[in-house]
Amino acid sequence: MTHISIRDLQKISGEAIGALAGPTPVKSGERTVGLLIPMKSADPDRLAAVLKRAAALARGRDAAADDAALAAFGDVDPVDWSVAAVKALTRKSKA
């Protein structure tokens, strides 16, 4: 499918969106007004491998040096985005 019209978008199912090969333009006549991007579930094994590699790379970083390098771009995000911190945060929000 090369594009989806606004009218077709009203009728398309979640399964059909998920089956799209990738980002698909949404058109009104000849004008592109949006982009429909199907969300795919991550492969748990691949995600675990990526997180393990990211954790290993993070052990060699200097957080203060990273923050100093980013300071030129504005305020540095003070949130701890470690795996443990994110798990604790999502555990709280589900409770």
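The structure we're discussing is the one just above.
Numbers given to residues run from 1 along each chain, matching the order in which its sequence is written. Local features in a predicted model are, by the rule used here, given only for residues with pLDDT of at least 70; side-chain atom pairs are given and counted only at 80 or more, and totals for whole chains, interfaces and linings are based on all residues. By convention in this description, side-chain values take in all heavy atoms of the structure and omit both hydrogens and water.

## Comments concerning the pairing of strand 2 (residues 24–28)
Criterion used throughout: strands pair if DSSP finds at least two bridges between them. Labels follow the DSSP assignment, with helices taken as runs of H or I lasting at least four residues and strands as runs of E lasting at least two, numbered in each case from the N terminus. Sheet topology places strand 1 (residues 4–5) next to strand 2; 2 bridges connect them, and they run parallel. What sits directly across from Ile4, in strand 2, is Val26. Here strand 2 runs beside strand 3 (residues 31–36); their pairing, made up of 5 bridges, is antiparallel. When the bridges of strand 3 are listed, Thr24 appears paired with Leu36. Connecting strand 2 to the antiparallel partner strand 3 that follows it, the hairpin turn spans 2 residues, and Gly29 within it adopts a positive phi of roughly 70 degrees.

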